[in-house]
Structure formats: structure tokens, C-alpha cells
Amino acid sequence: MSDRKQEGPGAREPACMLCRRAEADPDMCGDKLQKGGLCAHVFCMFFATLLFQQETDRGGLMHFLPRDLLIAVRRAAQKRCCVCGRSGATIMCCMENCDRWFHLPCSKEGGCVNLYVTPFGSFCPEHRPEQEVEATPEPDTVCPICMEPVEDRKTFTTLVCPTCKRAWFHRDCIQGQALCAGAFYFQCPLCRDRGEFLVEMFILGIRVPFRQPTWEDNDAFADLGVRHGQCNARDCLYPGGREEAEEQGDGQPQQAPTRSMAAGAAIFLTGHQQHQQIKGNTQHVP
């Protein structure tokens, strides 16, 4: 049964029961699910403190039970967001003895960090992870994604590649790239490092979905595999078309594999093995 509910024309958009927003950034909060009178964003549920998935669904949302969701709402009614000051905050900072709470949609504005990997921890501005790499951008350094200037030091909104230490980019820019590339193709836009760079971005709260890149959606490159339909030579040697040519053959030996072909196959095999390893070691997140 689908977690989405069909709304009629002119129907009022329901609000998420956890963040109390009818509209929120889907890149941060995920899709809004509705079923059985319940309504919540995917990541509002995953990040909510003391709210856990169960083995059975029992009419809930993504194995978050209705009873548990309602308990989380009642608990949040007593907590005020450290960013906007309003009640209904469902996320508590993971640092021990820190009692700061906040709404997921407020986290970016307030400089909070949410880790989009199991166990989905969140940190307030005072305790959020910081980059440990020692680096300072050169004067007039620009973001390689948007080509706009970056700040003159590491901040919440200005990040640096931990590998090359030369690629500086805006948080919003690298977040956009991560959402397009997915975990299997996300890399430093300058040095192309993937391993250390990917781990660092996860720790800094960049959401990197575990899926293929968006540029491969809907067979975007299907036209590259289409063969030309007719011969444009002045004197065609095979008026019967490609079938005639394949039947008669051209008497030429088949092309031997080249070094570039072998390199391409090796790259594909390595990427496929890494893909399978990540899939096997990482819990799937929508």
C-alpha cells in the first residue's frame, strides 16, 4: 500500500506532524509521506530523537509506528527549537549533556549538522563536526562549481577538499553536486578523490543519496547507442543496407583490443566492484 495520499483539487496541503511544515526543502527533509491520518517527512522521522523503526509496519510510515510518532509529537510539544524559538522541536543534539533541540528545516539556517547515514545523528551549532584539515584558501579563490568567490577561511558554509586542500566550495554547491552524482560518482570537483572526500562530506552533514547519478535517469544517453540509419556515401557499395554488408563481410580482420579499450574495461570493473561493496556495507536510505 502506498504511503502517499491523493489530494483532490484545491485541497489544503497537510503539514508534517514532526516539523509542522506543509512545505519544506525536499533535499533536506525528503519526501512527505501520508497514510492513515499520519503525515511526516522521511528524514524528519529518521532524525527525530527516540523515534525508531520497527520490524512491523502496522499502518505506520516506513516502519515508524503510529503510536511512536504520536509520542514523538507529544514530546516535541515541550521542546523549543534553538534556532527559531518555537515549540515542536523533535531533534536533540547528540553531544552528551547538551539539551539543545531543533526542527529539521531549521537546522541549516541555524548551522546545525545532520549526518545522513545510520544512526542519523544530529549536532547543534556548538558541537557540530568541524574540518580538521589545515588549509587556507588563496586570495580570490572561487568555488569550482558556481565560480563565485568563497570565504577566506573554513566555515559552516565554506568547505575544502581534505585530500588536495585546493578545492574550496560552498556547502550549497557541493550539496547540489552530491544529490546529482549519488554516492557512486560523488567526488572532489578538482582532484577527483572519492574515498576520503566522501567520508569527510558525510561527516560534515552533506546528504549523498545511495543511487545512480541523475544524469542516467530516463535513459538520458540512449541516443548514443542508436546507429545511423542510412549510408551517405556518394557510391554506396551495399545498396541492400547494413544487412547485406554484414552477410558479405568486408574481408577485414576484426579490430584487436586496444590499450584504451582495456583501460576502459578496468575502470568499469573497478567501479562495479566498489558499487557492490558499498551496497553490501551500507544500509539503504531513500
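What exactly am I supposed to notice about the overall build of the protein chain here?
A tally of helices and strands in the protein chain yields 8 helices and 8 strands. Across the 286 residues of the protein chain, 37% fall into the buried class. In the protein chain, the proportion of contacts linking residues at least 24 apart, taken out of those at least 6 apart, comes to 51%. Carbon together with sulfur atoms contributes 50% to the accessible area of the protein chain, which is approximately 17800 Å² in total.

Explain the packing of aromatic side chains here, please?
Geometrically, a pair of aromatic rings is defined through the distance of the ring centres and the angle of the planes. Here the structure, examined in full by the defined rule, presents 11 aromatic pairs. Here the aromatic rings of F43 and F46 are separated by 6.2 Å at their centres, their planes lie at 45°, and the arrangement is tilted. With F43 and F46 both in helix α2 (residues 42-47) and 3 residues apart, this pair spans about one turn of that helix. Accessibility assignment for this pair places F43 and F46 in one class, buried. In this structure an aromatic cluster arises from ring pairing among F43, F46, F47, F64, Y116 and F120. The ring centre of F156 lies 4.0 Å from the NZ or CZ of R171, which sits over that ring.

I'm lost on unusual backbone geometry in this one. Help?
Leaving glycine out, the prevailing phi sign among residues is negative, and the prevailing peptide bond configuration is trans. Put simply, T118 and P119 share a cis peptide bond, and its omega is 10°. Tracing the chain through its elements places P119 in the loop between β5 (113-114) and β6 (122-123). Residue F120 is not a glycine yet carries a positive backbone phi of 60°. Its place among the elements puts F120 in the loop between β5 and β6. You can call F120 buried: its relative accessible area is 9%. Even without glycine at this site, R192 takes up a positive phi of about 70°. Residue position: R192 is located in the loop between α5 (171-181) and α6 (195-203).

Any chance you could explain the pairing of strand β1 (residues 32-35) here in plain terms?
Regular strands place side chains that alternate from one sheet face to the opposite one. Judged by which residues are buried, β1 turns out to be covered on both faces: K32 and Q34 on one side and L33 and K35 on the other are all buried. In the sheet, β1 pairs with strand β2 (residues 38-41) via 4 bridges, with the strands oriented antiparallel. For K35, the partnering residue across the bridge sits in β2 and is L38. Between β1 and β2, which pair antiparallel and follow one another directly, the connecting turn spans 2 residues, one of which, G36, has a positive phi of 60°.

How should I be thinking about the environment of R128 in this particular structure?
Position of R128 relative to the elements: it lies in the loop between β6 and β7 (158-160). With relative accessibility at 19%, the residue R128 sits in the buried group. Between the alpha carbons of R128 and I203 there is a distance of 9.4 Å; along the sequence they are 75 residues apart. Beyond its immediate sequence surroundings of up to four residues, R128 is in contact with G111, V113, F123 and F156. One polar contact links the side chain of R128 to the main-chain carbonyl oxygen of G111, over a distance of 2.8 Å. For R128, the side chain forms a polar contact with the side chain of E130, separated by 3.2 Å.

I'm lost on the confidence of the model for the protein chain in this one. Help?
If pLDDT is low for a region, its predicted coordinates should not be looked at in detail. Per-chain confidence: the protein chain averages 85 in pLDDT, with 81% of residues scoring 70 or above. Counting interchain partners and residues more than four positions distant, the pLDDT-below-50 stretch residues 1-9 has 16 contacts.

When you look at the pattern of salt bridges in this model, what are you seeing that I'm missing?
For side chains of opposite charge, pairing can occur when their charged atoms come near one another. Counted by the stated rule, this structure contains 6 salt bridges. Between R100 and E126 there is a salt bridge whose closest N-O contact spans 2.7 Å. Of the two residues, R100 is situated in the loop between β3 (91-92) and β4 (101-102) and E126 in the loop between β6 and β7; the sequence distance between them amounts to 26 residues. Judged by its relative accessible area of 31%, R100 falls in the partly exposed class. Given the relative accessible area of 54%, E126 is considered exposed. With its nearest N and O atoms 2.7 Å apart, the salt bridge here joins K108 to D172. Here D172 lies in helix α5 and K108 lies in helix α4 (residues 107-110), a separation of 64 residues in the sequence.

Teacher, can you tell me more about the nonpolar core here?
Generally speaking, soluble globular proteins have nonpolar side chains that are buried together. Grouped together as the largest cluster of nonpolar side chains are 32 residues, with contacts concentrated most on L18, M45, L69 and L104. Elements with a minimum of two residues in this core: α1 (26-29), β2, α2, α3 (66-76) and β4. The greatest single-element share of this core, amounting to 6 residues, is contributed by α2. Other than its neighbours up to four places away in sequence, L104 contacts M28, C29, F43, C44, F47, I91, N114 and Y116. One finds C143, V150, I174 and L198 within the second-largest nonpolar core, a separate group that totals 26 residues.

The rules behind each value
- Residues numbered from 1 in each chain as written.
- Predicted model: local features only at pLDDT ≥ 70, side-chain atom pairs only at ≥ 80, totals over all residues.
- Heavy atoms only, no water.
- Helix = DSSP H or I, 4+ residues; strand = E, 2+ residues; numbered from the N terminus.
- Buried < 20%, exposed > 50% of the residue type's maximum accessible area, 1.4 Å probe, protein only.
- Contact = heavy atoms within 4.5 Å.
- Areas by Shrake-Rupley, 256 points an atom, 1.4 Å probe, with all protein chains shown as cover.
- Phe/Tyr/Trp six-rings, centres within 6.5 Å; stacked < 30°, edge-to-face > 60°.
- Lys NZ or Arg CZ within 6 Å of the ring centre and 35° of its normal.
- Pairing = 2+ DSSP bridges.
- Polar contact = N/O pair within 3.5 Å; in protein donor to acceptor, adjacent residues only side chain to side chain.
- pLDDT = per-residue confidence, 0-100.
- Salt bridge = Lys/Arg side-chain N within 4 Å of Asp/Glu carboxyl O.
- Core = buried A, V, L, I, M, F, W, Y, C linked by side-chain atoms within 4.5 Å.

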